[in-house]
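Residue-level structure breakdown
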Amino acid sequence: MPQGFALAAFGDTAQVALVAATTFLAFQNFLGSHSRVRIFWFLFFTGSLLWTVSNGIWAVYELWFAQPVPDVPVVDILLFVKVVPFTAAITIAPDRDQDAQFRAFGLLDVFILMLYSLYLYTFGVFAYRLLPGAVDTYNFYFNLADAIGNQTLIVVAGLAVLRAKGQWRGLYRLYFFAVACYGLASNLSNFAIDAGRYYTGSLYDMPLIAALLAFACLVLEGRSLEQAHPQKQATNLSLGPTTPTTFVSTHLAMLVALSTPVIGIWLLSSASAPPELRSFRIGLTLLTIFLLTLLLSIKQDILAAGLFGSLQRLSETYSSIERFKNHLTQSEKLASLGGLVAQVANQIKDCMASILESSSRLTSRPDTDSRIQNMAGKIGQYALRTDVLVEKMLHFAQETPLRLAPLDIKPVIESALHFSRIAKLPEVRVEITQEGNGYLVRGDSGQLLHVFLQLISNAADALEEAGGGTFDITIRPSRSQLILEFVDSGPGLKEPQRVFEPFYTTKPVGKGTGLGLSTCYGIIQQHDGEISCRNRPEGGAVFTIQLPFALESLPENSQDPSSLLAEGVL
Amino acid sequence: MLPRQKFYLAFGTFVILLHLVVAAVAKPSFPLTVYGDASPCVILILGALAARENFRRSPGVLPLFWKLFAGGLVILLLSQTYWFYYDWRRLNASPSPILGDSLFLLAHVFFLAALALRPHSASVGRDLRIRALDLVLLSLWWFSLYGYFSLPWQVGRQDFSHYNPSYYSLALIQHLVIIIALAVLSARNIAPWRAFYLQLLVAFVLIAGGNLLLNVAIDAGKYYAGSYYDTPFLLAIYLFIPIAGFGPTLEPRPDSKPNRELIQSVWTARLAMLGILSLPAIALLGLTEKNLPVDLVNFRLRLVFGAMLLLGTMVYWKLNLLARELSHLVQLTRDSIENLKAVQQQVTHTEKLIALGRLAAGAAHEISNPLTAIFGYSELLTDIPSLSHEDRAHAQLIQQEVHRAQAAVTSLRNNLRQNSSPPPFTIDKKPAS
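On a predicted model such as this, the values are computed, not experimentally measured, just so you know. (Residues numbered from 1 in each chain as written. Chains lettered and ligands numbered in written order. Predicted model: local features only at pLDDT ≥ 70, side-chain atom pairs only at ≥ 80, totals over all residues.)

Our next topic: the overall build of chain B. If you tally the helices and strands in chain B, you get 11 helices and zero strands. Long-range pairs, those at least 24 residues apart, make up 79% of the contacts in chain B between residues at least 6 apart in sequence. (Helix = DSSP H or I, 4+ residues; strand = E, 2+ residues; numbered from the N terminus. Contact = placed C-beta atoms within 7 Å.)

Looking now at the overall build of chain A. Along chain A, the regular secondary structure elements total 17 helices and seven strands. When the 570 residues of chain A are sorted by exposure, 40% land in the buried category. Restricting to contacts in chain A with at least 6 residues of sequence separation, those with at least 24 account for 74%. (Buried ≥ 20, exposed ≤ 12 C-beta atoms within 10 Å, placed from the backbone.)

A word on the nonpolar core. Residue and element names in this part refer to chain B. Formed by 97 residues in total, the largest nonpolar core has its most connected members in F69, L73, A114 and W141. The element contributing the most residues to this core is helix α10 (residues 294–383), with 12 residues. Not counting the four nearest positions on each side in its chain, W141 is found in contact with G275, I276, L279 and L311. (Core = buried A, V, L, I, M, F, W, Y, C linked by C-beta atoms within 7 Å.)

Glancing now at helix α4 (residues 98–116) of chain B. Residue and element names in this part refer to chain B. Helix length check: α4, at 19 residues, gives a terminal C-alpha distance of 27 Å against a target of 27 Å (1.5 Å per residue), a fit within 8%. Taken together, the buried positions of α4 are occupied by D101, F104, L105, A107, H108, V109, F110, F111, A113, A114 and L115. Buried residues along α4 sit in contact with α3 (62–88), α5 (128–149) and α6 (160–188). (Expected span 1.5 Å × (residues − 1).)

At the interface, 85 residues of chain B touch 90 residues of chain A. Among the secondary structure elements, those contributing two or more residues to the side of chain B that touches chain A are α9 (260–288), α10 and α11 (389–419) of chain B. Here the side of chain B that touches chain A is composed, by residue class, of 53 nonpolar, 22 polar and 10 charged. (Nonpolar A, V, L, I, M, F, W, Y, C, P; charged D, E, K, R; others polar.)

Take the sheet that holds strand β6 (residues 530–535) of chain A next. All names here are of chain A. Taken in spatial order, the five strands make up an open sheet running β2-β4-β5-β7-β6, and their pairing is mixed. Both edges of this open sheet fall to β2 (428–434) and β6, since each of them pairs with a single strand only. Averaged over all neighbouring strand pairs, the angle between strand axes comes to 10 degrees, with direction disregarded. Two elements, strand β4 (residues 469–477) and strand β5 (residues 481–488), share seven bridges in a ladder whose sense is antiparallel. Along β5, the bridge assignment pairs F471 with D488. Contacting β2, β4 and β5, helix α14 (residues 409–419) crosses the sheet at an angle of about 170 degrees to β2. Set on the sheet, helix α15 (residues 445–466) makes contact with β2, β4, β5 and β7 (541–548); between it and β5 the angle comes to about 25 degrees. (Pairing = 2+ DSSP bridges. Axes fitted to C-alpha atoms, helices over the stretch in contact; angles between N-to-C directions.)

The next thing to look at is the confidence of the model for chain B. All names here are of chain B. On average, chain B scores 81 in pLDDT, and the residues at 70 or more come to 91%. Here α10 stands out as the element of chain B with the lowest mean pLDDT, 81, in contrast to helix α8 (residues 231–245), whose mean of 89 is the highest. Taken together, the stretch residues 421–433 has pLDDT below 50 and engages in 23 contacts with residues farther than four places along the chain or on a different chain. Quick note on the complex model: pTM equals 0.66, ipTM equals 0.72. (pLDDT = per-residue confidence, 0-100.)

The next point concerns unusual backbone geometry. Glycine aside, the phi torsion of most residues is negative, and most peptide linkages are trans. One non-glycine residue with positive phi stands out, namely A:D528, at about 60 degrees. Tracing the backbone shows A:D528 in the loop between α16 (516–526) and β6.

Right, let's talk about the packing of α14(A) against α15(A) for a bit. Axis angle and axis distance: for two packed helices, these are the angle between their axes and the distance between the axes, and together they describe the pair. Residues and elements named next belong to chain A. Between α14 and α15, the least distance of the axes is 9 Å, while the angle of their chain directions is 50 degrees. If you check the angle between α14 and α15, you find them oblique. As for the relative orientation of α14 and α15, their crossing is right-handed in sense. Between α14 and α15, the contacting residues are V412, I413, S415, A416, L417 and F419 on the first element and S445, L448, L449, F452, L453 and I456 on the second. Residue composition of the contact of α14 with α15, grouped by class: 10 nonpolar, two polar and no charged. (Parallel < 35°, antiparallel > 145°, perpendicular 65-115°, else oblique. Left-handed = near helix turned anticlockwise from the far one by under 90°.)

This paragraph deals with the packing of helix α2 (residues 30–52) of chain B against α8(B). All names here are of chain B. Two numbers describe how α2 lies on α8: the axes approach to 8 Å, and their chain directions differ by 15 degrees. On the basis of their axis angle, the class for α2 and α8 is roughly parallel. Both α2 and α8 take part in a crossing whose hand is left-handed. Judged by residue contacts, S39, P40, I43, L44, L46, G47, A50 and A51 of α2 engage F233, L234, I237, Y238, F240, I241, A244 and G245 from α8.

In this section: the confidence of the model for chain A. When pLDDT is low, close inspection of the predicted coordinates is not appropriate. Residues and elements named next belong to chain A. Taken over all residues, the pLDDT of chain A has a mean of 77, while the share at 70 or more is 84%. Segment residues 227–246: pLDDT under 50, and 29 contacts once partners within four positions in sequence are set aside and those in other chains are kept. The low-confidence segment residues 553–570, where pLDDT is below 50, has 31 contacts with residues more than four positions distant or belonging to other chains.

When you line up the elements, A:V262 lands in helix α10 (residues 248–269). The exposure class assigned to A:V262 is partly exposed, which follows from the 15 C-beta atoms found within 10 Å.

Residues and elements named next belong to chain A. Of the strand pairs in this sheet, β2 and β4 are connected by seven bridges, and their pairing is parallel. By the bridge assignment, R429 is partnered in β4 with T470. Here β4 folds back onto β5 in antiparallel fashion, the turn holding three residues.

A word on the environment of A:V344. Residues and elements named next belong to chain A. Mapped onto the elements, V344 comes out in helix α12 (residues 332–364). Overall, V344 belongs to the buried group, with 24 C-beta atoms counted inside 10 Å. Along the sequence, V344 and V390 sit 46 residues apart, while their C-alpha atoms lie 9.4 Å from each other.

Moving on, we come to the environment of B:H162. With respect to the secondary-structure elements, B:H162 resides in helix α6. Spatially, the C-alpha atom of B:H162 lies 9.5 Å from that of B:P152, the residues being 10 residues apart in sequence.

Here you go:
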């Protein structure tokens with residue numbers, strides 16, 4: 001195509017359209033992403049927006065004001081400045097996960113570096129714009145700065161390719177290709193413009209078009225990346241901020257900030273520059289120092305806030321530890337009673353073992369009389385039943401780690417009811433209803449038994465206080481969870497929102513420890529479940545437990561004690 | 001008040017009375033000038049000595065407080081000695097005020113630092129180093145202001161018409177800051193701290209007023225050393241002696257509100273940053289000012305850049321300290337959470353043992369019933385006459401074991417009945433058989 005208005009119009013429109021599309025897509029990516037990746041797309045979007053604006057202005061000047069190769073300072077500034085967010089986008093390392101607090105931290109460093117590069121550009125390049133007749137110097141420095149900016153971006157992108165893994169690596173590779181093309185295009189066109197051979201739509205634009213296409217591909221690629229990169233942080237429970245690693249960028253940002261007053265002193269002592277250039281630069285340096293100090297103040301405040309929070313968390317933890325320790329010494333006596341029970345249970349188990357042995361001797365003899373056989377069998381049965389009961393209690397008392405296994409919940413509730421005094425209270429009606437059958441949850445029967453015993457015992461207290469009433473237990477499935485509801489018709493909870501707090505108790509001093517329900521809360525949490533409570537409008541308390549379904553099916557010969565209980569041994 | 005402090009006070013009172021008498025009778029002369037310059041020096045020495053008595057006797061952060069306090073007095077003394085030296089050597093050809101004035105400002109920085117320690121509070125923070133850094137930052141900033149506004153009028157030229165107003169206003173601002181701080185401190189505290197801060201307040205009001213009076217009188221040409229114009233300043237520094245006498249009665253006490261110290265240190269840090277931020281802003285505003293000599297503008301700019309470099313380095317250091325402190329704290333928090341988890345686990349276990357006691361009470365008859373049944377069947381067995389000798393032995397063994405188990409259950413029941421006070425368990429009263 002010959003050089004002319006049509007070609008220029010085509011070339012400009014194509015470039016602006018491409019870069020505008022990239023900007024739009026990057027904005028979409030920004031909206032659809034989160035945490036670090038979001039910042040990445042934000043910076044990318046900023047860079048491409050600056051690019052769009054500069055290209056747009058260029059096109060307007062070229063097509064509207066019919067100025068071939070327009071010379072507009074704003075375009076130059078935007079063109080240079082856009083490199084900064086593009087570089088920053090990679091520097092924040094979106095492929096790495098980091099804590100929110102230190103994310104803000106790294107971002108501040110990036111801002112400082114961005115500000116500094118802007119300062120250097122204005123200081124070293126743009127200042128010559130203000131001098132009359134320094135266009136050549138300006139062009140020279142502009143090309144130099146542009147080249148340095150582009151080379152830095154290429155190097156940073158290259159390093160990112162080497163460092164990153166997986167999907168991000170592909171993305172960075174595209175990034176690297178795009179910026180390399182762009183660097184080539186920029187050098188080529190600057191050279192061509194200076195040589196007076198450049199016109200829009202010429203062959204010199206080819207690498208630029210390639211770079212633009214690569215950028216567009218990159219943003220499109222980023223869309224699929226977003227879906228494959230689910231929120232990792234949400235699932236892993238963090239106790240606090242991770243240890244801040246001292247980044248190179250942190251120190252770099254600080255050194256850069258410190259270099260500004262040095263530049264200022266140098267400016268004052270060197271008198272070679274023209275006076276208006278000098279005063280412009282001094283003012284610029286002061287302004288930059290001001291802005292950098294502002295950013296550093298924000299950084300300091302973030303750190304101070306972190307310290308403040310950490311100190312508070314620390315003192316909270318210390319006081320809870322104190323309270324728990326205090327509680328441990330207070331409940332020593334009651335706990336020793338539990339220890340005694342365990343001891344007695346072991347003794348009974350010994351007795352049962354020897355009875356079982358004797359009875360099996362008696363039954364195993366073929367020549368004995370059927371009456372003896374019969375009675376010895378009965379003795380064996382009873383001894384086994386006692387043994388299972390005692391075993392159950394011991395299992396409950398043991399300090400065993402959580403053993404999650406597929407479990408039918410109803411028998412566990414039934415045995416809890418069995419142990420409890422609630423059924424023996426006068427005027428109390430207890431009912432269990434189950435919707436559907438055979439729902440298994442993943443649980444530790446001993447631990448869950450503890451939870452149910454606690455809830456039932458609370459209900460018993462409430463109903464005793466009310467002088468009778470009903471206690472309904474409902475088991476019903478929801479989409480992915482089994483829901484258990486314990487509803488009593490007692491007086492209800494005084495402060496439902498505080499019930500699970502440690503050491504919260506409404507019972508008289510010496511009776512409740514205030515830890516029963518908070519222990520339940522802990523156990524249900526360990527089961528990946530939820531426990532909550534509320535008061536019914538018609539009176540009485542409702543405790544709701546949600547437990548996730550077990551994915552595996554119940555093994556045929558389960559050794560779970562609760563299943564033995566369910567078989568009617570008790 | 002300690003015996004030595006009483007002696008210093010008596011000596012100081014004598015000097016003050018002598019001054020009043022001399023000021024009434026003496027005419028301006030060289031000996032009077034020397035005398036007038038010497039008496040504040042004597043009182044300041046007495047004040048510093050009185051404060052020194054408190055160094056070793058006080059708890060907590062108080063020794064540091066008294067050291068800063070005495071340091072402020074010594075620097076005031078140096079500033080006074082400077083004037084004394086000039087007058088004594090009769091170097092009347094308008095001495096440069098830079099050294100004396102900056103020492104005067106520095107002395108007040110020491111007083112402010114002493115107050116910033118919050119000597120009345122028993123909670124001494126772990127971040128003393130960071131706060132000290134903040135205070136140094138603030139003082140450097142303060143001297144940069146002096147260097148920016150006042151100093152250029154004295155360096156290379158002796159322009160008192162520009163130097164004096166700016167210096168006076170800086171000194172006045174400094175005094176006002178101290179006075180406001182003291183007013184707040186005395187309002188927030190109770191005796192004996194309130195009385196202590198109130199006396200300091202009076203002393204500083206006198207210093208501020210006396211200083212202003214002195215400067216106005218000097219500028220009006222009415223001042224001569226040893227006159228009544230000296231009285232307020234002398235009285236103010238004389239007051240420091242009884243204030244130091246408070247020392248032995250002062251004790252730090254816990255803060256009325258938690259975290260006040262932390263909040264204060266956060267605000268000190270913010271103030272320091274605000275101060276640093278103000279320097280380039282002032283310089284930028286200064287650039288718009290026309291008709292200033294070039295060397296003065298250059299001096300100011302050099303000063304601001306130099307100060308920013310120094311302050312920036314300190315901020316860098318401080319940020320590093322903060323980051324290290326933070327990571328240390330985060331580690332501590334994590335450790336203590338681990339600790340908490342372990343204790344919680346222990347508590348869970350104890351809870352289970354307690355629940356077991358409750359459960360056992362409920363289950364006691366569940367155990368007793370089958371035991372009774374076993375006993376019954378074994379008795380039936382022994383009743384069978386055809387039972388072999390060996391089988392009978394088995395049956396008797398079973399009976400023995402049942403007895404043992406029954407005894408264990410009974411003892412458990414008795415224990416439960418005795419130990420559960422108030423009894424959280426219901427014990428089945430039904431006979432086992």
